[in-house]
Amino acid sequence: MNLTRPASTRPPMARRPWHVRVNALVVGWFLAAFVVAVAHRWIPEANYLMVHLMLLGAVTTAILIWSAHFADTLLGRPAPGGQGLVFARLGVHTVSAVLVILGVATNRWSLVVAGGVGVTIVAVSHVVVILLQRRGALMARFGALSLFYVFAGLCLTVGVWLGVMLARTTPSAQVAGRLYTAHTTTMLLGWVGLTVLGTLVVLWPTMLRTKMVPGAPLAARRAMLVLVAGLAVIWAAAALDQRWLVVVAVVVYLTGLGLVVRPMVTIARAKPPRSYATLSAAAAVCWLVACLVVLAVLAATAPDWAGLRESLGVLAAPYAAGFAGQVLLGALSYLAPVVLGGGPRVVRRVDEEMNRAAGARLAVVNLSLLLFVLPLPSLVRVTTSLLGLAGLAAFLVLLGRALWARRQAERESSGAVIAASIATGPPPVPRRLGALYGVGAVALAVVMGVAGDPAAAGLTGTAADDGVAATGRTTTVRVEAQDMRFVPDVVEVPAGDRLVVELVNTDDDVHDLVLDNGARSGRLSAGESVEVDLGVVGRDVEGWCSVAGHRQMGMTLDVVAVGAVTATAGGTTTDGGPASSGHDAHDAATGEAARDRLDLMAEPDEDFTAHPAELAPAPEGDLHEVTFTVGETTSEVAPGVEQERWTFNGTAPGPTLRGKVGDVFEITLVNDGTIGHSIDFHAGALAPDEPMRTIGPGESLVYRFTAERAGIWMYHCSTMPMSMHIAQGMFGAVIIDPPDLEPVDREYVLVQSEVYLGEVGGTADAEAIAAERPDLVVFNGYANQYDHRPLTARAGERVRVWVLAAGPSRGSAFHVVGGQFDTVYDEGAYRLGGPDGIGGESAGAQVLPLVAAQGGFVELELPEAGHYPFVSHAMVDAERGAHGVIEVTE
């Protein structure tokens, strides 16, 4: 008998449903989250990326796909726009989610806003389509459940803009805490929670292949109102600054959750869940209940909103992996055989693949997650978390196997292979690994973690550090970074205890913690926190903030090992090396000292371009709108000597601004750096609280002032330590012309500053700054640059030179060799010459004396052709690079 199908005919199941094609997006997001989770130690903002790739990416995409599908089913009619509109929404959401994630990860708020707009468009269209679909629908007894998706979409709209505002500068840590609490609960309990619970009302009995409990739809409708009421109470708590209302909101939400879950429990008693899909969904609901209970406890015990925000991080993994991840994979595991279709035989084979090792996978995921959230040794948490990730990622492997099984079934049904299939029968069902196998795998992961760090697990009595035996106890201490201090700055721990420091950055600036035993926290932005595991402490340990200048400001931490046998002085470190001398070992030993390359007689490269000293006239108009972008760059400060410079608009000094008395300057400061920065314009008089505040990476502010007085005014970063930020290049000049300023033939501006060389390509030497030991004193950021690229003039021309002593610590005694000043303007007033001819025609001056932050100008005529050096006549500074030449031609 010939069963071969003609070659031109494709089997009916060859065409994949659209759900299968678009679910590739879900798989892609999930895979990206898995990669970040595995490589999180080497990826910046890894915690944020893991959570948002999973929730904003994979989970939200799945919701957009399947809630549209379920709405069609519940309402008994297709959605307006059909598949094309769904595809469009998915495309916009994918691009928008990528923009949001990139914007936060790279500190670019404009990308966050653009992504927020896109997600809002998707959410609003999602809601509008369902509402239109409800009009004229048959509205069977399940039709009202579609309102779960409507309210969830509205929560997505609200939640995304709470997140956008959170990514922007907030006035205080308390406001940030309120925003964060509202954002996370709206997205997790509103957008995800409402969608999942509304879907489970119908999906749960469907997965169990049984009937729904009578009255379940009515209970679900009542539950929906209660759940939404709980979310409204959370919004009120954040808006009214009433943290206790969060506890009330959780109780209300749990009540609504109970109304949904009660019929599910009744069904499960009659027909217990046995498949991966049903057990995974049940475990997910359990994790949701646990997360809500913990949220209530945290809200009740947190000292304030900032403290609540810091403690909410403990819920990230249970919610993302325990609830959202498991319910997503459970639902997809059930839907895969149904959507792929192909007849009973194919459905059975796909279902077998999706249920392969179901018990083991569930045990691995849930036990690993439970161990991860417990206060266990860090290496145990690492091994179990990796195993848990593998348990979740097994879904991707099995989905691939399911697709392959379907394809093989296609081929069998289309040709002669089916004959062999009939002869041999269906392939044997693979033996499923039970839960005990999963428990064994988790136990093995725990053993591996303990074996890798027995002292931290308290399972060894050998000397851990300086001959001190490990006690098996763990001491946990909370340390806050605030106001350039660690609080507390001394931590006592019994010798032999394992020490875990819960480091919380409550400051506006970026900080970190580096310890001389090798432990590091990594950089923390404002409001972030991290646990730093010092291991077993057997000696005193020194710690400090390694952000440039912060240690010198007193940001140090001393860990005192109480009962240690030996002291640090002359002792040994944990690895047997010499005890730390108190200097930043990383900063002191990673590269060549830049001062060893310094040769002030060297010539710069032929393509060297000097910093422009020519001063342009003031621009027209009385409003000057300028954007200053803070950045970090590596540039030369002398021939062959590179340093990292912190800059305004890429140069040190920054741009020179010019205007007249009465002009308004509106400066937008954008921080594209990696730590906090600010700006202070001496040219304006105003309260510094808001415009001069420090802003974090990715943030911006607007600084507006009116120039009411003439002179050359300094601007600079005012973030502590100011001496470091100024020495790094964060300064410049604002010139406000006196009303009676006469025109001249040539006009130049010179900003004098000091350079304190650190390592080659590194930041300034903070200790040298504190000791006022500059390696270079320079005009416009580069030693002797105008010796090599002289300023120019013609004999008899009138030349005006504006000079600003930016410091951070030294002044200037500006002098032109071979010239005499007939006009001297200092700190807003003429000292010689000017419209009133102060001093008379025969008076002259040889120097413009300035202390740090002062400025003025001099005017002179150079009588004949030649080379006229200009210097700071504090000669040691001239010999350090404060030297240039005016080349005068006939």
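A quick note: this is a predicted structure, and the numbers were derived from the prediction, not measured.

Colleague: Help me understand the overall build of the protein, please; the structure alone is not making it clear to me.
Modeller: Across its full length, the protein holds 21 helices and 29 strands. Looking at the protein as a whole, 51% of its 890 residues are labelled buried. Counting contacts in the protein only where the partners sit at least 6 residues apart, residues at least 24 apart contribute 76% of the total. Per element, the accessible surface of the protein, about 37400 Å² overall, is 59% carbon and sulfur.

Colleague: Please explain the sheet that holds strand E6 (residues 498–505) as it appears in this structure.
Modeller: Across a sheet, paired strands are connected by hydrogen bonds in the backbone, their directions being either parallel or antiparallel. A sheet is described by the order of its strands in space; here four strands give the open sequence E4-E3-E6-E8, paired in mixed fashion. Every interior strand has two partners, whereas the edge strands, strand E4 (485–487) and strand E8 (529–536), have only one. When strand polarity is set aside, the average angle formed by the axes of neighbouring strands in this sheet is 25°. As paired strands, strand E3 (residues 474–482) and E6 are joined by eight bridges and run parallel to one another. Considered in E6, the bridge of Thr 475 is made with Leu 499.

Colleague: Sorry if this is basic, but what is going on with the sheet that holds strand E10 (residues 556–562) here?
Modeller: Taken in spatial order, the four strands of this open sheet run E5-E10-E9-E7, and their pairing is mixed. Strands at the two margins of the open sheet, each flanked by one partner only, are strand E5 (490–494) and strand E7 (514–515). Relative to E10, E5 is paired through five bridges, and the arrangement is parallel. Bridge pairing links Val 491 to Val 559 in E10.

Colleague: What exactly am I supposed to notice about the confidence of the model for the protein here?
Modeller: A residue-level look at the protein finds 86% of positions with pLDDT of 70 or above and a mean pLDDT of 83. Here residues 1–16 is a poorly scored stretch, pLDDT under 50, and it has 19 contacts once near neighbours within four places are set aside; other chains count. Residue range residues 455–465 is modelled with pLDDT below 50. Its contacts to residues more than four positions away, or to other chains, number 25 contacts.

Colleague: In this structure, what is going on with empty space enclosed by the protein? I would like to understand it.
Modeller: Any empty space left between atoms is shown by rolling a water-sized probe over those atoms. Enumeration according to the criterion identifies three cavities of 30 Å³ or more in this entry. One number sums up the size of the largest cavity: a volume of about 230 Å³. Every element with two or more residues in the lining of the largest cavity is listed here: helix H2 (46–75), helix H6 (173–207) and helix H11 (316–340). For the lining of the largest cavity, a count of residues per class yields 14 nonpolar, three polar and no charged. Its volume calculated, the second largest cavity comes out at about 70 Å³. Lining of the second largest cavity is provided by Leu 200, Val 201, Trp 204, Pro 205, Met 212, Ala 216, Ala 220, Leu 259, Val 260, Pro 263, Met 264 and Ile 267. Elements with a contribution of two residues or more to the lining of the second largest cavity: H6, helix H7 (216–240) and helix H8 (244–270).

Colleague: How do you make sense of the packing of helix H9 (residues 276–301) against helix H13 (residues 358–373) when you look at a structure like this?
Modeller: Packed helices, taken two at a time, are described by the angle their axes make and the gap between the axes. One can describe the packing of H9 onto H13 by two numbers: an axis separation of 10 Å at closest approach and a directional angle of 15°. Here H9 lies roughly parallel to H13, going by the angle between them. At the point where H9 passes H13, the crossing takes the right-handed sense. Contacts from Tyr 276, Leu 279, Ser 280, Ala 283 and Trp 287 in H9 reach Ala 358, Arg 361, Leu 362, Asn 366, Leu 369 and Leu 370 in H13. Taken together, the residues of the contact of H9 with H13 break down into eight nonpolar, two polar and one charged.

Colleague: I would appreciate a short explanation of the pairing of strand E22 (residues 798–807) in the present structure.
Modeller: Here E22 lies mainly inside the structure; 10 of its 10 residues are buried. Judged by which residues are buried, E22 turns out to be covered on both faces: Arg 798, Arg 800, Trp 802, Leu 804 and Ala 806 on one side and Val 799, Val 801, Val 803, Ala 805 and Gly 807 on the other are all buried. Two strands pair when backbone bridges link them, and strand E19 (residues 746–755) and E22 are joined in this way by eight bridges, in the parallel orientation. Looking at the pairing, Val 751 lines up with Leu 804 of E22. By the bridge criterion, seven bridges tie E22 to strand E27 (residues 855–861) in an arrangement that is antiparallel. Counted as the bridge partner of Val 801 is Val 858 from E27.

Colleague: What's the story with the side chain of Arg 361 in this structure? I'm lost.
Modeller: Its location among the elements puts Arg 361 in helix H13. Under the relative-accessibility criterion, Arg 361 is labelled buried at 6%. If we ignore the near neighbours within four places in the chain, the residues touching Arg 361 are Tyr 276, Met 354, Asn 355, Arg 356, Gly 391, Ala 394, Phe 395 and Leu 398.

Colleague: What exactly am I supposed to notice about the packing of aromatic side chains here?
Modeller: Between two aromatic rings, the relevant description is the distance of the centres plus the angle of the planes. By the definition in use, this model includes 21 aromatic pairs. On the numbers, 4.9 Å between centres and 80° between planes, the contact of Tyr 825 with Tyr 830 is edge-to-face. In this structure Tyr 830 comes out as buried when scored by relative accessible area, which is 17%. Their ring planes at 10° and their centres at 4.8 Å tell us that Tyr 825 and Phe 857 sit as a pair that is stacked. Pair noted here: Tyr 825 is in strand E24 (residues 823–826) and Phe 857 is in strand E27, with a separation of 32 residues, a long-range link. There is no split in this pair, since Tyr 825 and Phe 857 are both buried. Of the aromatic side chains, those joined through ring pairs into one cluster are Phe 628, Phe 648, Phe 665, Phe 681, Tyr 703, Phe 705 and Tyr 715.

Colleague: How should the pattern of salt bridges be read in this particular structure?
Modeller: It is possible for side chains of opposite charge to pair when their charged atoms get near one another. Tallied over the entire structure, the rule returns 21 salt bridges. As a salt-bridge pair, Arg 658 and Glu 747 come within 2.8 Å of each other at their nearest N and O atoms. Taken as a pair, Arg 658 in strand E13 (residues 657–660) and Glu 747 in strand E19 lie far apart in primary sequence, 89 residues in all. For the pair Arg 658 and Glu 747, a shared accessibility class is recorded, and that class is buried. Overlapping salt bridges, with partners in common, bring together Arg 658, Asp 737, Glu 747, Arg 798, Arg 800, Asp 822, Glu 859 and Glu 861 in one network.

Colleague: Looking at this model, I keep getting lost on the nonpolar core. Mind explaining?
Modeller: The nonpolar side chains of a soluble globular protein tend to be buried, and buried together. Counting 116 residues, the largest nonpolar core has Leu 189, Val 192, Trp 204, Leu 288, Tyr 319 and Phe 323 as the members making the most contacts within it. The element best represented in this core is H2, accounting for 17 residues. The contacts of Leu 189, once residues within four sequence positions are left out, are Thr 184, Leu 194, Leu 231, Ile 234, Tyr 253, Leu 288, Leu 292 and Tyr 319.

Colleague: Looking at this model, I keep getting lost on the environment of Pro 78. Mind explaining?
Modeller: Mapped onto the elements, Pro 78 comes out in the loop between H2 and helix H3 (82–105). Linking Pro 78 and Gln 133, residues 55 residues apart in sequence, is a C-alpha distance of 7.3 Å. Apart from the residues within four sequence positions on either side, Pro 78 is in contact with Asp 72 and Gln 133.

Colleague: Looking at this structure, I do not really get the side chain of Asn 505. What am I missing?
Modeller: Within the secondary structure, Asn 505 is located in strand E6. A distance of 2.9 Å separates the side chain of Asn 505 from the backbone oxygen of Leu 524, its partner in a polar contact. Those residues in contact with Asn 505, other than ones at most four positions away along the chain, are Ala 481, Val 510, His 511, Leu 524, Ser 525, Ala 526, Gly 527 and Glu 528.

Colleague: Before we go on, may I ask you to explain the environment of Asp 507 in this structure?
Modeller: Looking at the secondary structure, you find Asp 507 in the loop between E6 and E7. On the basis of relative accessibility, which here comes to 14%, the residue Asp 507 falls in the buried class. It is 8.5 Å that separates the C-alpha atoms of Asp 507 and Ala 173, two residues lying 334 residues apart in sequence. Excluding residues that lie within four positions of it along the chain, Asp 507 makes contacts with Ala 481, Gln 482, Asp 483, Met 484 and Ala 526. In this structure the side chain of Asp 507 is engaged in a polar contact, spanning 2.9 Å, whose partner is the side chain of His 511.

Criteria and cut-off values
- Here the residue numbers are simple positions, counted from 1 along each chain's written sequence.
- In keeping with the model being predicted, local features are shown solely for residues with a pLDDT of at least 70 and side-chain atom pairs are shown and tallied solely at 80 or more, while totals for entire chains, interfaces and linings include all residues.
- The side-chain figures draw on all heavy atoms in the structure; neither hydrogens nor water molecules are used.
- In this text, helices come from DSSP runs of H or I with a minimum length of four residues, and strands from runs of E with a minimum of two, each type numbered from the N-terminal end.
- To sort residues, take the accessible area from a 1.4 Å probe on protein chains only and compare it with the maximum for the residue type: under 20% means buried, over 50% means exposed, and anything in between is partly exposed.
- A contact between two residues is defined here by any heavy atoms of the two lying within 4.5 Å.
- In short, Shrake-Rupley with a 1.4 Å probe defines the accessible areas, and a residue's cover is counted only from the protein chains shown.
- Any two strands between which DSSP finds at least two bridges are classified as paired.
- Axes here refer to lines fitted to C-alpha atoms; in helices the fit is confined to the stretch in contact. Angles between the N-to-C directions go from 0 to 180 degrees.
- pLDDT gives the predictor's per-residue confidence on a scale running from 0 to 100.
- For cavity detection a 1 Å grid was placed over the protein atoms alone, and a set of points counts as a cavity when a 1.4 Å probe fits there but cannot get out; an open set counts as a pocket when protein lies on both sides within 12 Å along at least five of seven lines, with lining residues being those that have an atom within 4 Å of a point.
- Grid points are joined across faces, edges and corners, and a volume is the space filled by probe spheres set on the points.
- Residues were grouped as follows: Ala, Val, Leu, Ile, Met, Phe, Trp, Tyr, Cys and Pro as nonpolar; Asp, Glu, Lys and Arg as charged; and all remaining residues, including Gly, as polar.
- Working rule for angles: under 35 degrees goes down as roughly parallel, over 145 as roughly antiparallel, 65 to 115 as roughly perpendicular, anything else as oblique.
- The sense of a crossing depends on the near helix, which, turned anticlockwise from the far helix by less than a right angle, makes the crossing left-handed and, turned clockwise, makes it right-handed.
- Stacked, tilted and edge-to-face are the three classes applied to pairs of Phe, Tyr and Trp rings, where Trp contributes its six-membered ring and a pair requires centres within 6.5 Å; stacked means planes under 30 degrees apart, edge-to-face means over 60, and tilted covers the rest.
- We define a salt bridge as a contact between a side-chain nitrogen of Lys or Arg and a carboxyl oxygen of Asp or Glu at a distance within 4 Å.
- Among the buried residues, those of types Ala, Val, Leu, Ile, Met, Phe, Trp, Tyr and Cys that are joined through side-chain atoms within 4.5 Å form a nonpolar core.
- Each polar contact in these results corresponds to two N or O atoms within 3.5 Å; when the atoms are within protein, one needs to be able to donate a hydrogen and the other to accept it, and residues that are neighboring in sequence are counted only if both atoms are side-chain atoms.

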